[in-house]
Amino acid sequence: MNRSDTFPERLRFIANRIRSRLKSLPQDVARLDETAVRTAYARWAPYYDLVFRAPFYKGRQEAVKHINTLSGHILEAGVGTGISLPKYRSDLEITGIDLSEEMLERARLRARDLPNVRELTTMDAGNLSFPDDHFDVAVAMYVITVVPDPARVMRELERVTKPGGTVILVNHFSADGGLRAHAERALERFADRLGWNTDFPKSRILTRTSMRLEKETTLAPFGLFTLMTFRKPEHPASAE
Ligand SMILES: C[S@@+](CC[C@H](N)C(=O)[O-])C[C@H]1O[C@@H](n2cnc3c(N)ncnc32)[C@H](O)[C@@H]1O
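Quick summary incoming for the structure in this document. Just so we're clear, the structure is a prediction, and the values are computed from it rather than from any experiment. (Residues numbered from 1 in each chain as written. Predicted model: local features only at pLDDT ≥ 70, side-chain atom pairs only at ≥ 80, totals over all residues. Heavy atoms only, no water.)

1. Quick word on the site of the ligand
Argument step 1. Neighbouring the ligand are 22 residues; Tyr48, Arg60, Gly78, Asp98 and Ala125 lie closest to it.
Argument step 2. Between the ligand and Asp124, the relevant distance is 2.8 Å, taken from a nitrogen atom to a side-chain nitrogen or oxygen of the residue.
Argument step 3. In the model, a nitrogen atom of the ligand is placed 2.8 Å from a nitrogen or oxygen of the Ala125 main chain.
Argument step 4. Protein coverage of the free-state accessible area of the ligand, which is 590 Å², stands at 98%.
Argument step 5. At the level of secondary structure, the elements contributing two or more residues to the shell around the ligand comprise α2 (34–44) and β2 (93–98). (Near = heavy atom within 4 Å. Polar contact = N/O pair within 3.5 Å; in protein donor to acceptor, adjacent residues only side chain to side chain. Areas by Shrake-Rupley, 256 points an atom, 1.4 Å probe, with all protein chains shown as cover. Helix = DSSP H or I, 4+ residues; strand = E, 2+ residues; numbered from the N terminus.)

Shown next as structure tokens:
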């Protein structure tokens, strides 16, 4: 892109760059190992907000709205470009972690005017360096189907959350049947390019956690996304 380019030329340039990123992503996420995730999001970082602000808006809005009714220290795992950071209530303390340094750089810029953002650190959500029972709330928005080992991430989110605390997931999960399953199959190729695994049933999460699922809400657009709120048991052995 040159300084002398007209506005339509600049738009065309940006559209072509986005198209080439979308084409490259399936190979990047197919292996879903740590290197692939880092590589994919290093490429996505400059365009991430432009492409994913709108489709993921409702899920972020609902998750943060719920968190804003709670209190204490919040862990946002897979914080990305920090797109949700300005939406948290200003008296909530926020710690964000992400595997991608390029995504975090953008989050750090966003957090410059947000004194309640305590820390933004490069870290694997499947291997958190925080002590047990540390956070009041842990949230992962559009992350659980992108990580190499979702069960491990669930265990880590549960471990670092205080007994009686809340773990929130927002994600796309595959439907068992019906119209939605049909639409998902039709969307599968596109969805893979966006970087989430469409063949990811909720059972992969629900059968691997001792936390109680308190609430499940289907969200726009087209009911494609689900908000899940879990409660960590007060006592390790009790089902509460
Ligand atoms: C689809 S983006 C979601 C970003 C943000 N939560 C949002 O609402 O837009 C997924 C994010 O998860 C991060 N990620 C993927 N695997 C991760 C892991 N194992 N640990 C921490 N972050 C990870 C990626 O780097 C990326 O920033």
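2. Examining a positive patch on the surface
Argument step 1. A cluster of basic side chains, namely Arg152, Arg155, Arg204 and Arg208, defines a positive patch on the protein surface.
Argument step 2. Within the fold, Arg152 resides in helix α6 (residues 150–160).
Argument step 3. For Arg152, a relative accessible area of 34% translates into the label partly exposed. (Patch = residues over 30% accessible without salt bridge, like charges linked within 9 Å, V, L, I, M, F, W, Y side chains within 5 Å. Salt bridge = Lys/Arg side-chain N within 4 Å of Asp/Glu carboxyl O. Lys, Arg positive; Asp, Glu negative; His and termini not counted. Charge placed at Lys NZ, Arg CZ, Asp CG, Glu CD. Buried < 20%, exposed > 50% of the residue type's maximum accessible area, 1.4 Å probe, protein only.)

3. Quick notes on the pairing of strand β6 (residues 212–219)
Argument step 1. For β6 and strand β7 (residues 225–231), the ladder comprises seven bridges, and the chain directions are antiparallel. Paired with Thr218 across the strands is Thr226, a residue of β7.
Argument step 2. A loop of five residues connects β6 with β7, the two strands running antiparallel in sequence, and Phe222 in this loop sits at a positive phi of about 60°. (Pairing = 2+ DSSP bridges.)

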